[in-house]
Amino acid sequence: MSWLSHNTHMEEWRDQGIVLAVRPHAENGAVLSLLTEEHGRHAGYVHGGQSSKMRGILEPGNLVSVAWGARIADNLGAFTMIEQERHVTAGLMGDPLKLGVLLAACSLCDAALPEREGHAGLFYGLLALLESMDNELWGVVYVMWELALLRELGFGLELSKCAGGGDSERLAWVSPKSGQAVSEEAGAPYKGKLLPLPNFLKSQKGEVTDQEILKGVELTGYFLKHRVFIQDSRGIPEDRLRFEERFAKYVDRQEREDLEESIKQDVKG
Amino acid sequence: MTRHDGPLDQLIRALAALPGLGPRSARRIALLLLTNREKLLNPLIHALEQTAEHIRNCETCGNLDMITPCRICRDTTRSYRTICIVSGIADLCAVERTGAYKGQYHILGGVLSALDGIGPDDLRIASLLERVRPGDVDEVILALSATVDGQSTAHYLTDKLQDVTDVKITRLAHGVPVGGQLDYLDDGTIVTALKSRAVL
């Protein structure tokens, strides 16, 4: 009877994960994609995944405890138990920028990470990012998380010293070719071709403003597009593009309002 | 198609493609229709023919009606200065059922969803901007689902509307449903209700 016990053996595990995406399947089911702590990005079928009870739990960004099982390890398998641990999404729905970050981060993980390959660091990084949403520095945390994602995928940037042998205390640019920082003097002749390095990533740490965060989002966006998604016919996820566009628009509006305010002050003065 | 694929099999397959029906239910319905031709099959054929021939999408709001613009768009007792944006016709029916809203509608035809490949060009956003642009509208109500996709669509529409007009943009409240007991609600609903609490 040993062949029977072998055949009936189920592959099973329990873990916690962050919901990345939910794809409806047939009338009531769904295919759920999670970033788990120990099993990396992992998908599985959820019976009744489109039910009103499950829909609130299976929103991107929510932390859940799951049990996964399959007859053979290579199968899609099914999540046999899903319990909500932390509801992150509901608190962010009213804020377009924070909701944009949530969707961008989840869609990047879903599109870029190889399946079933452990990335515990990224899991905790994403958790920290989602928990930092009430902090005013959430934009900086997001840029740092994208840098960590690039590093995890093998496209880490070297931002601590100058690629051109210049002064590493006065870094101002990043080379789009090598992904290395370039000092102000060494980069001066190639200014138009280099990417600006945001203040908060420089060794001397400057002021954190929305403009600097936008520089960071554009910097990581460039390398995501030209390194991670260069071979992907779908390109960089739509949610990430939309977040960058919305953030740029927000910064532009802020600048305009500040300018109008200063003109008003001048007129009053 | 199988070798013995006749009209009955085609009917069963067509019925089985409908939501909520599997092959067994489809077969049962097909046989019931065929055994009650006068009472069930012929009226159904007639209704289907009439629907296919006469029902069309309203060119203004996207609703289904026999005339275009539809009855809601033509109704002079309704306010033309408020537009309620819904994702589908089922949502329009849900709002209309309450009888609490007496303005116009605009049906988007879905919500933005990167996973399903639904982008801004797949929704009726351009026609919405055209409707709102002339300045005849005072308020746009975003009546979209309280899901990530629904709310990201709402934010996207807010951006687009603010680019072309200074119309007042509102959204439906999120929170405790009528008759809902707090200890039975999910965490997400309570979080949203707390965030959008109102001063008494």
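Because the structure is predicted, anything quoted here is derived from the model rather than measured.

### Side note on the packing of helix α8 (residues 210–228) of chain A against helix α9 (residues 238–268) of chain A
Residues and elements named next belong to chain A. Look at α8 against α9: their axes get within 10 Å of each other, and the N-to-C directions meet at 155 degrees. The pairing of α8 with α9 is recorded here as roughly antiparallel in orientation. In the crossing of α8 with α9, the sense of the turn from one axis to the other is left-handed. When α8 is examined against α9, the residues Asp210, Gln211, Ile213, Leu214, Val217, Glu218, Thr220, Gly221 and Leu224 are found in contact with a partner set consisting of Arg240, Phe243, Glu244, Phe247, Ala248, Tyr250, Val251 and Glu255.

### Describing helix α4 (residues 96–112) of chain A
Taking 1.5 Å of rise per residue, the 17 residues of α4(A) would be expected to cover 24 Å, and the 23 Å separating its terminal C-alpha atoms lies within 8% of that figure. Here α4(A) starts with a cap whose side-chain oxygen sits 3.0 Å from the backbone nitrogen of A:Leu97, and that cap is A:Asp95.

### Considerations on the sheet that holds strand β6 (residues 168–171) of chain B
Residues and elements named next belong to chain B. Read across the open sheet, the four strands follow the order β4-β3-β5-β6; overall the sheet is parallel. Edge positions in the sheet fall to β4 (104–107) and β6, since each of these pairs with one other strand and no more. Adjacent strand axes in the sheet meet at a mean angle of 25 degrees when their direction is disregarded. Sheet topology note: the strand β3 (residues 82–86)/β4 ladder contains four bridges and is parallel. Among the inter-strand pairings, Cys84 is bridged to a residue of β4, identified as Tyr105. Docked against the sheet, helix α5 (residues 89–98) engages β3 and β4, running at close to 160 degrees with respect to β4.

### Examining the interface of chain A and chain B
Taken residue by residue, the interface counts 26 residues in chain A and 25 residues in chain B. Both faces combined, the contact of chain A with chain B buries some 1900 Å², and carbon together with sulfur accounts for 56% of it. By the criterion of area lost to chain B, the three top residues of chain A are A:Met93, A:Arg242 and A:Arg246, representing 26% of everything that side buries. Between chain A and chain B we count two salt bridges in total. B:Asp163 is the partner of A:Lys249 in a salt bridge, and the nearest nitrogen-oxygen pair spans 2.8 Å. Those elements giving two or more residues to the side of chain A that touches chain B turn out to be β1 (11–25), α3 (89–92), α4 and α9 of chain A. Looking at which element gives the most residues to the side of chain A that touches chain B, the answer is α9(A), with six residues.

Thresholds applied
- Along each chain, numbering runs from 1 in the same order as the chain's sequence is written.
- Note on labels: chains are lettered from A, ligands numbered from 1, in written order.
- For this predicted model, a pLDDT threshold of at least 70 governs which residues receive local features, and a threshold of 80 or more governs which side-chain atom pairs are given and counted, while totals over whole chains, interfaces and linings are taken from all residues.
- Where side-chain values are given, they derive from all heavy atoms of the structure, hydrogens and water being excluded.
- Axis angles are defined between N-to-C directions and span 0 to 180 degrees, where every axis is a line fitted to C-alpha atoms and, for a helix, only to the segment in contact.
- Comment: elements are numbered from the N terminus, with helices defined as DSSP H or I runs of at least four residues and strands as E runs of at least two.
- Working rule for angles: under 35 degrees goes down as roughly parallel, over 145 as roughly antiparallel, 65 to 115 as roughly perpendicular, anything else as oblique.
- Here a crossing is called left-handed whenever its near helix is offset anticlockwise from the far helix by less than a right angle, and right-handed whenever the offset is clockwise.
- Should any heavy atoms of two residues lie within 4.5 Å, those residues are considered in contact.
- How far a helix is expected to stretch is found by multiplying one less than its residue total by 1.5 Å.
- Between N or O atoms, a polar contact is any pair within 3.5 Å; within protein, one atom must be a potential hydrogen donor and the other a potential acceptor, and residues adjacent in sequence are included only when both atoms are from side chains.
- Strand pairing follows a simple DSSP-based rule, namely that at least 2 bridges must link the two strands.
- Buried area is calculated as the accessible area (1.4 Å probe) missing from two parts once they are joined, with the contributions of both summed.
- We count a salt bridge whenever a side-chain nitrogen from Lys or Arg sits within 4 Å of a carboxyl oxygen from Asp or Glu.

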